[in-house]
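Letter by letter, the chains look like this.
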Amino acid sequence: MILKEELIKVGLEAKDAEGALRQVAQGFVDAGYAKETYPQAIVDREGVYPTGLPVEAYDIAIPHCNADNLNSTAVAIATLKEPVEMRMMGDPDTVVHPRVFFMLGIAEAHSQVEMLQRVIGCIQDSDLLKQLYACKTPHEVYELMADKIGE
């Protein structure tokens, strides 16, 4: 399974986007899915290619970076206690306030498009996003999202 329960964060507290990104990315390092370079690579890429998206239920972000920072493929989901300010994908002059991160650690570059399509399918489902944000534990998030993120 690509979605890793040990990487799921619920009610993450961060003062800003960089802090939230670093906390989620550090989980990849701690669990052995990513190299020590991963958190900085996530932050750096977000600065150049923003990943915030406004969606009907609430804003989300899909942070990711180059595969050379990874040891193996994994996906994390983090719900934030309070939204953080980020720039919007495709329109960096627009600010969005994500409540959920879908952090993608795709070790095989050719698989990234397919994973992005799965995540886009999830974020287009407002009811699913509302259920996701209502989850109280990482296990609840995992049970809700594992089959939607895929193998």
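The structure displayed is predicted, hence computed values, not measured ones. Position labels on residues start from 1 in each chain and follow its written sequence. Given that the model is predicted, a residue must reach a pLDDT of at least 70 before its local features are reported, and side-chain atom pairs must reach 80 or more before they are shown or counted; all residues, however, enter totals for whole chains, interfaces and linings. The side-chain values count all of the structure's non-hydrogen atoms but skip hydrogen atoms and water molecules.

(A) Representation of helix 1 (residues 17–30) within the structure. In this description a helix means any DSSP run of H or I spanning at least four residues, a strand means any run of E spanning at least two, and both kinds are numbered starting from the N terminus. Between the first and last residue of a helix there are one fewer steps than residues, each counted as 1.5 Å, and that sum is the expected span. The end-to-end C-alpha distance of helix 1, which contains 14 residues, comes to 20 Å, matching closely the 20 Å that a straight helix rising 1.5 Å per residue would cover. Relative accessible area decides the class of each residue, using a 1.4 Å probe on protein chains only: under 20% of the type maximum gives buried, over 50% gives exposed, and in between gives partly exposed. For helix 1, the full list of buried residues reads Ala17, Ala20, Leu21, Val24, Ala25, Gly27, Phe28 and Val29. Against strand 1 (9–12), helix 2 (38–48), strand 4 (74–80), strand 5 (86–88) and strand 7 (100–105) lie the buried residues of helix 1. A distance of 3.4 Å separates the backbone nitrogen of Glu18 from a side-chain oxygen at the start of helix 1, and that oxygen is part of Asp16. The positive-phi residue at the C-terminal boundary of helix 1 is Gly32, with phi of around 85°. The contact criterion used is simple: two residues touch if any of their non-hydrogen atoms lie within 4.5 Å. In protein, a polar contact requires one atom able to donate a hydrogen and another able to accept it; more generally it is a pair of N or O atoms within 3.5 Å, and residues adjacent in sequence count only if both atoms are side-chain atoms.

(B) Inspection of the packing of helix 1 against helix 2 at higher detail. Every axis corresponds to a line fitted to the C-alpha atoms, with the helix fit spanning only the stretch in contact, and the corresponding angles, defined between N-to-C directions, vary from 0 to 180 degrees. Relative orientation of the contacting elements helix 1 and helix 2 amounts to 145°, with a least axis distance of 8 Å. Remark: the crossing between helix 1 and helix 2 carries right-handed chirality. On helix 2, the residues that touch Glu18, Leu21, Arg22, Ala25, Gln26, Phe28 and Val29 of helix 1 are Tyr38, Pro39, Gln40, Ile42, Val43 and Glu46. Left-handed describes a crossing whose near helix is turned anticlockwise from the far helix through less than a right angle; right-handed describes the clockwise counterpart.

(C) Looking closely at the pairing of strand 7. Most of strand 7 is tucked away: 6 of the 6 residues are buried. Of the two faces of strand 7, both are covered, the one formed by Val100, Phe102 and Leu104 as well as the one formed by Phe101, Met103 and Gly105. Between any two strands, pairing holds if DSSP finds at least two bridges. Sheet analysis places strand 3 (residues 60–61) next to strand 7, joined by 2 bridges and oriented parallel. Considered in strand 7, the bridge of Ala61 is made with Phe101. With 6 bridges joining them, strand 4 and strand 7 adopt antiparallel strand pairing.

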